[in-house]
Amino acid sequence: GGIEMLPSAALHSLNPPKNICIVAKPNQKQVAPALQRIVTFFNQHRISIFIRNELLARDSCQSLRGDFIRVEDFSEVPSQNCLAIALGGDGTMLYTFRNLPAGSTVLGINFGNLGFLTPFRYEDLDQVLEQLMAGELVKRSRSMLEVDLLRGGEEIGSWRVTNDLSVNKAALARMNQLSLYVDGKPLTQIRADGIVCSTPSGSTAYNLSAGGSIIEP
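Criteria and cut-off values
Residues numbered from 1 in each chain as written. Predicted model: local features only at pLDDT ≥ 70, side-chain atom pairs only at ≥ 80, totals over all residues. Heavy atoms only, no water. Pairing = 2+ DSSP bridges. Helix = DSSP H or I, 4+ residues; strand = E, 2+ residues; numbered from the N terminus. Salt bridge = Lys/Arg side-chain N within 4 Å of Asp/Glu carboxyl O. Buried < 20%, exposed > 50% of the residue type's maximum accessible area, 1.4 Å probe, protein only. Contact = heavy atoms within 4.5 Å. Patch = residues over 30% accessible without salt bridge, like charges linked within 9 Å, V, L, I, M, F, W, Y side chains within 5 Å. Areas by Shrake-Rupley, 256 points an atom, 1.4 Å probe, with all protein chains shown as cover. Polar contact = N/O pair within 3.5 Å; in protein donor to acceptor, adjacent residues only side chain to side chain. Core = buried A, V, L, I, M, F, W, Y, C linked by side-chain atoms within 4.5 Å. Axes fitted to C-alpha atoms, helices over the stretch in contact; angles between N-to-C directions.

I would appreciate a short explanation of the pairing of strand β14 (residues 185-192) in the present structure.
Bridging between strand β13 (residues 176-182) and β14 involves seven bridges; their strand directions are antiparallel. Counted as the bridge partner of N176 is A192 from β14. The antiparallel hairpin formed by β13 and β14 contains two residues in its connecting segment, where D183 sits at a positive phi of about 55°.

What is the right way to look at the pattern of salt bridges in this model?
Note on pairing: side chains with opposite charge can pair once their charged atoms come close. Applying the stated criterion across every chain, the model contains three salt bridges. D126 is the salt-bridge partner of R37, the closest N and O atoms lying 3.2 Å from each other. With R37 in helix α1 (residues 31-44) and D126 in helix α4 (residues 125-133), this pair connects stretches of sequence that are 89 residues apart. Between E54 and R52 there is a salt bridge; the shortest N-O distance is 3.3 Å.

For this particular structure, what's the right way to read helix α3 (residues 90-99)?
Helical geometry note: an α-helix holds 3.6 residues per turn, so side chains three or four residues apart project in the same direction. Restricting attention to buried positions, one finds in α3 the residues D90, T92, M93, L94, T96 and F97. Contacts made by the buried residues of α3 are with β3 (19-24), β6 (82-88), β7 (105-110) and β11 (154-161).

Just checking my understanding: could you explain a nonpolar patch on the surface for this structure?
On the surface, a cluster of nonpolar side chains totalling about 280 Å² of accessible area is made up of L149, I156 and W159. Within the secondary structure, L149 is located in strand β10 (residues 144-151). For L149, a relative accessible area of 31% corresponds to the partly exposed category.

Sorry if this is basic, but what is going on with the side chain of R52 here?
Examined against the element boundaries, R52 turns out to sit in strand β4 (residues 48-52). At a separation of 3.5 Å, a polar atom in the side chain of R52 contacts the main-chain carbonyl oxygen of E72.

Is there a simple way to think about the nonpolar core in this case?
Considering soluble globular proteins, one finds that nonpolar side chains tend to be buried as a cluster. The biggest cluster of nonpolar side chains holds 30 residues, and the ones touching the most others in it are I22, F42, I51, I85 and L87. Only β3, α1, β4, α2 (53-56), β6, β7 and α4 provide two or more residues apiece to this core. Top contributing element to this core by residue count: α1, with seven residues. If you look at the next biggest cluster of nonpolar residues, it comprises 16 residues, including A84, A86, M93 and L100.

Any chance you could explain unusual backbone geometry here in plain terms?
Most peptide bonds take the trans configuration, and most residues that are not glycine carry a negative phi. The phi torsion at N81 lies on the positive side, around 55°, for a residue other than glycine. With respect to the secondary-structure elements, N81 resides in the loop between β5 (69-71) and β6.

I keep staring at the sheet that holds β4 and nothing clicks. Help me out?
Consider a sheet: its strands pair through backbone hydrogen bonds, and that pairing is either parallel or antiparallel. Spatially, the six strands line up as an open sheet ordered β5-β4-β3-β6-β7-β8, and their pairing is parallel. Where the open sheet ends on each side, the last strands, each with one partner, are β5 and β8 (120-121). Pairing geometry for β7 and β8, over two bridges, is parallel. Within β8, the residue paired with N110 across the bridge is R121. The strands touched by α1 are β3, β4 and β6; relative to β4, the strand with the most contacts, the crossing angle is about 155°.

This is the structure we're talking about:
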């Protein structure tokens, strides 16, 4: 297979969007009131709002009022001048990164516990939306991995990941013999259960689980 690191960049100004896509973890009790506040706010600013039917089908979201566009899939959301608002924790952010086109801008509102990827609190939602429309927010690009799985010279899978790639063994009692190449040149051979290739964002989770400290990637 092949792994390509997509570049990371410095901070950039975040311009007010023309389209909004809302992604949420449905079982959080704050989702329904947050959805209503977001829809009401962007209706006042005449910005198009896209929400998946899967989210709207939840009992707590069926009473949502306002103007918004129902979509079945993320592919129906405009890719230009669109901001995704992810309501949840880091898992919701990763889900959003995985399903939207590369280069998409995501604004994370933390409903979870750690919230390493979601910088804004639910309690500050109204203030964050006002800052967004005033052009007072900045965005940061994060490195990602593009992964191609080849077998017999034929590509059988391709993924874009934010955190990490894990190559694991299939049989529990056997070890893998792995050959590692960088830019097509052999680096080393490894006998192990598997190997993990991580981005700066993903490496923090491994360090935290091992009891280590973490800093901004």
